[in-house]
Amino acid sequence: RGRDFLLRILPYHDLKDQSGGLVVTFIDISDLIETRKRLEGLASKYSALVKHSLDCIGVITSSGRILELNRWVEPGIGPDELVGTYLADLLADDRQKVVFSDALRDVYDKRLASFIQLMLVGEDEQTTYLEVSLIPAYEPPKGLPLRRDMVVMIIRDVTAQVKQHQQTEMTI
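A. Up close: the nonpolar core. By size, the foremost hydrophobic cluster in this structure holds 24 residues, and its most contacted members are I60, W72, F100, L134, M153 and I155. Elements with a contribution of two residues or more to this core: β3 (56–61), β4 (66–69), α3 (94–110), β5 (114–121), β6 (127–136) and β7 (150–157). Beyond its immediate sequence surroundings of up to four residues, I155 is in contact with D55, C56, W72, V73, L130, E131 and V132.

Okay, structure coming up:
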């Protein structure tokens, strides 16, 4: 395959600011174009993974506000309804809110992923058990702005497993 170049043509001025012709510059941008194509391919693959994942995958701020969400764990609630709300407001009780807040604080203070178990109580008073991973947002290369107030969260509904475990314990 051939190479890609950026062509720049600028006027040439001498010390007396007289136009003395043109300066033609060719800049090899082949690597830049190839990198862009690879990044677009990766973005497309990751977008498909998030879109089709059975897990709830989203981005939240340091205060727990939901910025993005691919789906929600409770039926009948669309992700768009939850964008802009606080995850803590959806939790079952104050104890759950403290567990979530402590884990979120740890993610920011230590810049390490955190894994917690939480409960939601829906409008129908049904309890949903969750496993939540909180992962610090990607740190960009030097020189690019960093949004330190974002965390990726992955939420898995484990209600069926918890209820099965509870029933097993009751029969023993």
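B. Local environment of the pattern of salt bridges. Taken as a whole and assessed by the stated rule, the structure comprises five salt bridges. The salt bridge partner of R3 is D28, with a shortest N-O separation of 2.6 Å. On the criterion of sequence distance, the pair formed by R3 in the segment before β1 (5–13) and D28 in strand β2 (residues 19–28) is long-range, its members being 25 residues apart. In this structure D28 comes out as partly exposed when scored by relative accessible area, which is 39%. Across the pair E40 and R36 runs a salt bridge whose closest N-O atoms are separated by 3.4 Å. Here the residue E40 and the residue R36 both occupy positions in helix α1 (residues 30–52), the gap between them amounting to four residues, near one helical turn.

The rules we used
Residues numbered from 1 in each chain as written. Predicted model: local features only at pLDDT ≥ 70, side-chain atom pairs only at ≥ 80, totals over all residues. Heavy atoms only, no water. Core = buried A, V, L, I, M, F, W, Y, C linked by side-chain atoms within 4.5 Å. Buried < 20%, exposed > 50% of the residue type's maximum accessible area, 1.4 Å probe, protein only. Helix = DSSP H or I, 4+ residues; strand = E, 2+ residues; numbered from the N terminus. Contact = heavy atoms within 4.5 Å. Salt bridge = Lys/Arg side-chain N within 4 Å of Asp/Glu carboxyl O.

Take it as geometry only, folks, not as evidence of what the structure does.
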